Amino acid sequence: DVVHLATEGPLGLSALRAARRRGLAITSSFHTNFDSYSGFYGFPGASRSVAAYLRWFHNRTDRTLVPNPDLARRLEDIGHRAIETVGRGVDAALFDPARRSDALRRRWGVADDALAIGYFGRVAPEKNMATAMRAIDAACAAAPGAVGVMIGDGPLGERLRRRHPTVAHCGMRTGVDLAAHVASLDVVVLPSRTETFGNVVLEAMASGTAIVAFDAAAVRLHVRDDVDGRTVAMPARRDGAAGGRAADDAFVAAATALVRDPAAIARIRRAARATACRLSWTRIVDRFAQILVSASQMRPAPASDHASRAVARRDLRLLQ
């Protein structure tokens, strides 16, 4: 009845064509800034072409779902149509401060009264890993006994393991194991400037860690500076590379200032957990289902398939 496309690559393109041939309703998700990523992987000239393809792809669907209002406005400004904002939730039962592990912290070399300062997520160029490592190094230098921790893997994983041997490199983790690793951190630095949302923000908050992050995407939606996190202003696009360097310097300074204030860390950790516990997936899933129903009802049924479409409409009414 409805085809939802979660990727714009070859698989998504094949599904788009098949669904259009059958006259089915089609929705899609825009959740990765592939046009911005091209510069990080050696193809800076491809950004405009990638953006044009993404616009063409999503405009051939009945609805495009995006995770935050800022992204919705940006896409509308460059010609995307039928945009719907659908946020993200967090599993606060999985990501829980109760999963904090003294055994893990001892394995990392963290003393009982010291801080574990880390990053978790994909270890890739678009995540601004150079700034992440600068922030971890500077924060560890500012907090006696602090230990740096990297949770995750990706294209830069091996390089960072070689260049930062004093950091505890945990590799990729999933499920309860990941939740225990995150809850065992005290401060998390998340310096990416390319996120459309950033699920790790909510997962870190639900785990009761104090985050430092740029004021964009999920951070702008859910984090109050110096209440349930520390936020750093995003550089303006017109400021170019110099603005980016200044913003990265401000990020490192914010992480360093936070680790020098244990009372602030404790206060932010409590507030972050309370904020995340209000961000249930239930409301998000309900809105997603409503958009699918709406898209299906607006798509006219093929003349040869009225009976099956009647059954589909009945099923969708039950879903509502």
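Residues numbered from 1 in each chain as written. Predicted model: local features only at pLDDT ≥ 70, side-chain atom pairs only at ≥ 80, totals over all residues. Heavy atoms only, no water.

A. Geometry of the overall build of the chain. Assigned secondary structure in the chain consists of 14 helices and 10 strands. With 320 residues in all, the chain has 49% of them scored as buried. Sequence-distant contacts in the chain: of pairs separated by 6 or more residues, those separated by 24 or more amount to 67%. Working note: accessible area of the chain is about 15,300 Å², and carbon and sulfur atoms make up 53% of it. (Helix = DSSP H or I, 4+ residues; strand = E, 2+ residues; numbered from the N terminus. Buried < 20%, exposed > 50% of the residue type's maximum accessible area, 1.4 Å probe, protein only. Contact = heavy atoms within 4.5 Å. Areas by Shrake-Rupley, 256 points an atom, 1.4 Å probe, with all protein chains shown as cover.)

B. Spotlight on the packing of helix α9 (residues 199-206) against helix α12 (residues 262-276). Here α9 crosses α12 at 115 degrees, and the two axes come no closer than 7 Å. Taken together, the residues of α12 that come into contact with α9 (itself represented by L202, M205 and A206) are A272, R273, T275 and A276. Within the contact of α9 with α12, the residues separate by chemical class into five nonpolar, one polar and one charged. (Axes fitted to C-alpha atoms, helices over the stretch in contact; angles between N-to-C directions. Nonpolar A, V, L, I, M, F, W, Y, C, P; charged D, E, K, R; others polar.)

C. Summary view of helix α11 (residues 240-259). Over its 20 residues, α11 runs 29 Å from end to end, which matches the ideal 28 Å to within 8%, given 1.5 Å per residue. Those residues of α11 that are buried lie in contact with β5 (116-120), α6 (129-142), β8 (187-190), β9 (210-214), β10 (230-232) and α12. (Expected span 1.5 Å × (residues − 1).)

D. Region of the structure containing α6. With 14 residues, α6 extends 20 Å between its outermost C-alpha atoms, agreeing within 8% with the 20 Å of an ideal straight helix rising 1.5 Å per residue. Residues of α6 that are buried: M129, T131, A132, M133, A135, I136, A139, C140 and A142. If you follow the buried residues of α6, they end up packed against β5, β6 (147-151), α7 (157-163), β8 and α11.

E. Layout of the environment of G171. Inspection of the secondary structure assignment puts G171 in strand β7 (residues 168-171). By relative accessible area, G171 is classed as buried at 13%. C-alpha separation for the pair G171 and R122, spaced 49 residues apart in sequence, amounts to 9.9 Å. The residues touching G171, leaving out its near neighbours within four places in the chain, are M150, I151 and G152.

F. The arrangement of the sheet that holds β6 in detail. The strand order across the open sheet formed by six strands is β7-β6-β5-β8-β9-β10, and the pairing between neighbours is parallel. Of all strands in the sheet, those with a lone pairing partner are β7 and β10, marking the two edges. When the angles between neighbouring strand axes are averaged without regard to direction, this sheet yields 20 degrees. Relative to β8, β5 is paired through two bridges, and the arrangement is parallel. For G118, the partnering residue across the bridge sits in β8 and is V188. Strand contacts of helix α8 (residues 175-183): β5, β6 and β7, with the helix running at about 155 degrees to β6, the strand carrying the most contacts. (Pairing = 2+ DSSP bridges.)

G. View of the side chain of S192. Topologically, S192 is positioned in the loop between β8 and α9. At a separation of 3.3 Å, a polar atom in the side chain of S192 contacts the main-chain amide nitrogen of T194. (Polar contact = N/O pair within 3.5 Å; in protein donor to acceptor, adjacent residues only side chain to side chain.)

H. Spatial organisation of the environment of R105. Among the structural elements, R105 can be located in helix α5 (residues 102-108). The class of R105 is buried, set by a relative accessible area of 6%. The sequence separation of R105 and L115 amounts to 10 residues, and the corresponding C-alpha distance is 9.4 Å. Not counting residues up to four positions away in its chain, the partners in contact with R105 are R100, V110, A111, A114, A116, S184 and D186. Side-chain polar atoms of R105 contact the side chain of D186, separated by 3.0 Å.

I. Highlighting the sheet that holds strand β2 (residues 25-29). Strand order in the open sheet formed by four strands is β1-β2-β3-β4, and the pairing between neighbours is parallel. Two strands bound the open sheet, and with one partner strand each, they are β1 (2-5) and β4 (83-85). The sheet shows a mean angle of 25 degrees between the axes of neighbouring strands, taken without regard to direction. Its contacts with the sheet place helix α13 (residues 281-298) against β1, β2, β3 (63-66) and β4, and it is angled at close to 170 degrees to β3.

J. Quick peek at a positive patch on the surface. Among the surface-exposed residues, R17, R20, R21 and R60 lie close enough to one another that they form a single positively charged patch. Its location among the elements puts R17 in helix α1 (residues 10-21). (Patch = residues over 30% accessible without salt bridge, like charges linked within 9 Å, V, L, I, M, F, W, Y side chains within 5 Å. Salt bridge = Lys/Arg side-chain N within 4 Å of Asp/Glu carboxyl O. Lys, Arg positive; Asp, Glu negative; His and termini not counted. Charge placed at Lys NZ, Arg CZ, Asp CG, Glu CD.)

K. Representation of the nonpolar core within the structure. Among the nonpolar cores identified, the biggest contains 68 residues, and W108, Y119, V149, M150 and I211 are the most heavily contacted of them. If sequence neighbours within four positions are ignored, M150 has contacts with Y119, V123, M129, M133, I136, L160, V167, A168, H169, C170 and G171. (Core = buried A, V, L, I, M, F, W, Y, C linked by side-chain atoms within 4.5 Å.)

L. Main features of the packing of α6 against α11. As a packed pair, α6 and α11 sit with axes 8 Å apart at the nearest point and diverge in direction by 30 degrees. Between α6 and α11, the crossing angle belongs to the class labelled roughly parallel. Pair α6 / α11 crosses with right-handed handedness. Contacts between α6 and α11 involve T131, R134, A135, A138, A139 and A142 from the former and D248, D249, F251, V252, A255, T256 and V259 from the latter. (Parallel < 35°, antiparallel > 145°, perpendicular 65-115°, else oblique. Left-handed = near helix turned anticlockwise from the far one by under 90°.)

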